[in-house]
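Chain by chain, the residues:
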Amino acid sequence: MDRARPVERWPINHPRRAHRNATRRGPGWLCVLVVILAAASARPQRAAAYDPPPPATYTDPDYDAVARRTDAGGMAPYNTNPRHLVDFHSLTLGRWRPEDPQVDRFVGDYFPNGRYASVEIVLGGLHNPPGDTDPGHFMPLAYGDNPVYGFVELDVDNDNDTGGEVEAPQYRYPANIARFGGLPEGDAFEHRIAKSADAFDGDFQTMPYVERQGEEFHLALLGGQFDASGVDVVAGDADLKFEAGEIWNITGTWFHRAHGFEPYSLASGGCVPGEYDPECVLRFAHDIATDTTTITLVFPLNNAAAADLTGENPQPNNHDASDQASVLEALQDLNTSATLVFELNIQDPQALLILDWKDHSPGDSLQPANWRPTVLLGVPYSEPGHGFVWTDVWPNVLRGDVDGDDGVNAADGHEIEDYIEDHDEEDGVKDERVTIPLFPANFCSRDVNQDGVVDAFDRALVSTVGDVDQDGDVDLADFALLQACLGWTAGGEALPCGLLDLDADGAVGPRDFTWWRNVMEGPEEH
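Quick look at the structure, then. Remember, predicted model here, so these are calculated numbers, not experimental data.

Focus on the environment of Asp 239
Its location among the elements puts Asp 239 in the loop between strand E7 (231–235) and strand E8 (247–252). We classify Asp 239 as partly exposed; its relative accessible area is 38%. As a C-alpha pair, Asp 239 and Tyr 143 span 96 residues in sequence and 9.1 Å in three-dimensional space. Within the local environment of Asp 239, its side chain forms a polar contact with the backbone nitrogen of Lys 241, the two atoms lying 3.0 Å apart.

What to know about a negative patch on the surface
Together, Asp 418, Glu 421, Asp 422, Glu 425, Glu 426, Asp 427, Asp 431 and Glu 432 make up a negatively charged patch on the protein surface. Here Glu 425 shows up in the loop between helix H6 (410–423) and strand E14 (434–435).

Section: the nonpolar core
Grouped together as the largest cluster of nonpolar side chains are 62 residues, with contacts concentrated most on Leu 91 and Val 327. With 7 residues, the single largest contributor to this core is helix H4 (residues 327–343). When near neighbours in sequence (up to four residues on either side) are disregarded, Leu 91 contacts Ala 56, Thr 57, Tyr 58, Val 119, Glu 120, Ile 121, Val 152, Pro 373 and Val 375. Membership of the second largest hydrophobic core comes to 36 residues, among which are Ile 193, Ala 199, Leu 222 and Val 465.

Quick notes on the pairing of strand E12 (residues 372–380)
In terms of residue burial, E12 counts as a mostly covered element, since 9 of its 9 residues are buried. Taken together, the 7 bridges between strand E5 (residues 149–155) and E12 define a ladder with antiparallel strand orientation. Across the sheet, residue Val 152 finds its bridge partner in E12, namely Val 375. Judged from the 6 bridges that link them, E12 and strand E13 (residues 388–394) form a sheet pairing that is antiparallel. Along E13, the bridge assignment pairs Leu 376 with Val 393.

Details of the pattern of salt bridges
Applying the stated rule across the entire model yields 15 salt bridges. Between Arg 172 and Glu 153 there is a salt bridge, and its shortest N-O distance comes to 3.0 Å. Placement of the pair is Arg 172 in the loop between E5 and helix H2 (173–176) and Glu 153 in strand E5, with a sequence separation of 19 residues. The class of Arg 172 is buried, set by a relative accessible area of 0%. Look at Glu 153 and you get buried, because its relative accessible area is 3%. The partner of Glu 215 in a salt bridge is Arg 172, and the shortest N-O contact between them spans 2.5 Å. On the criterion of sequence distance, the pair formed by Glu 215 in the loop between H2 and strand E6 (217–221) and Arg 172 in the loop between E5 and H2 is long-range, its members being 43 residues apart. The class for Glu 215 is buried, based on a relative accessible area of 1%.

About the criteria used
- Residues numbered from 1 in each chain as written.
- Predicted model: local features only at pLDDT ≥ 70, side-chain atom pairs only at ≥ 80, totals over all residues.
- Heavy atoms only, no water.
- Helix = DSSP H or I, 4+ residues; strand = E, 2+ residues; numbered from the N terminus.
- Buried < 20%, exposed > 50% of the residue type's maximum accessible area, 1.4 Å probe, protein only.
- Polar contact = N/O pair within 3.5 Å; in protein donor to acceptor, adjacent residues only side chain to side chain.
- Patch = residues over 30% accessible without salt bridge, like charges linked within 9 Å, V, L, I, M, F, W, Y side chains within 5 Å.
- Areas by Shrake-Rupley, 256 points an atom, 1.4 Å probe, with all protein chains shown as cover.
- Salt bridge = Lys/Arg side-chain N within 4 Å of Asp/Glu carboxyl O.
- Lys, Arg positive; Asp, Glu negative; His and termini not counted.
- Charge placed at Lys NZ, Arg CZ, Asp CG, Glu CD.
- Core = buried A, V, L, I, M, F, W, Y, C linked by side-chain atoms within 4.5 Å.
- Contact = heavy atoms within 4.5 Å.
- Pairing = 2+ DSSP bridges.

So this is what it looks like as structure tokens:
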């Protein structure tokens, strides 16, 4: 029996609730559609000019989850238990070969010529599928007490200028990474990272270009992507509460093409015209021995692989996400649609997100190991209307690298000093500190510890993590200070103990000790 398709529900006031008619395709598209489609279908797909790469794994330090509020006023309730915070451990991207796609797509191995993309996320602890956070259906704990929310964004063509999220960029990595104590390095993030909430001005053409993060696809860990009828309990007691040792396969609309393409795309079969959000299966699996939760997507790279999942004959690429769907079909739609945008000379600034795809060969973007990912994960508030508390990210940032260029150095300290000098008296008092208005809904990249104030403490944090005596290294002298500071809580004198509040929870405790030990014993950056 066919299952009713769930409606995609976004957080309160999310602009996708009222997709603007002004961005829809006009009748002029039909004038050249037949010609363009014919030309595109005749265009051969060029194979990648390199050997298939092995799967790529991106790792993040354990125990580095911190709570970054986003609610106005910072008073909305949420579960503050450290075990509740989503702690991202790793992401693996590669080509996958199932042993029997019709029986279980998740049983198989990574294989250079596999016809499926595998996206595998590992989290520390027990984390369950997200419940709905729509105000009218607010049940974030519907499937367990520790739900995970957020986005894994994938730039499949390594082109920063194609793809993005225009209507709600404030929920993505470029909009929130500055809350984690620094800015990411690299050309992919230049002029695209929000340093404060002022970046969300709704203007596509103003810097920073937070709407242009370059993603072609994203995995949306949001409530409303599925309903209970889509849950297949592979291991567990079938009470619809995800518990230790359980494995669920969940059918829903988890995997989306970038929404910034939609006004110019020929795609159909989605929730709105131009959207490509096919049904797919996401596996949640908790391992008791390692106390980790693995979230896995196995998705067809081409329609032949999609056909293998059901035993059908492959369908031709038809721009339709509601039948056989694949990465290649979604990218060929971009190629065809971008050619049409060019031929019609569409001048809408947002069309830049798709335009370069007229020169891209979709076949060159079918190596998941070469896709560029970003990860933003978090937990829900306990009341509707507040969005999410973000807890972990990838790529990580160096604490104190407030300019995002060459690591943590004197230039970062000078930027904080200059910011304080320029804004000190905005609150009517000259006290060498700047209070961030509307914190934490608003934020500031110079507020390294994200306490809502830019002050000398943030300047002191421009140093090696764990270097409490600030002598340039992390050693036993710092350990002695750590022992003396255990039990410290925020308030009063912040230095030196405040430098050891590594999880930014307002106290120095066991989690800070674990994090400090990882810094001293290994090369990983936090």
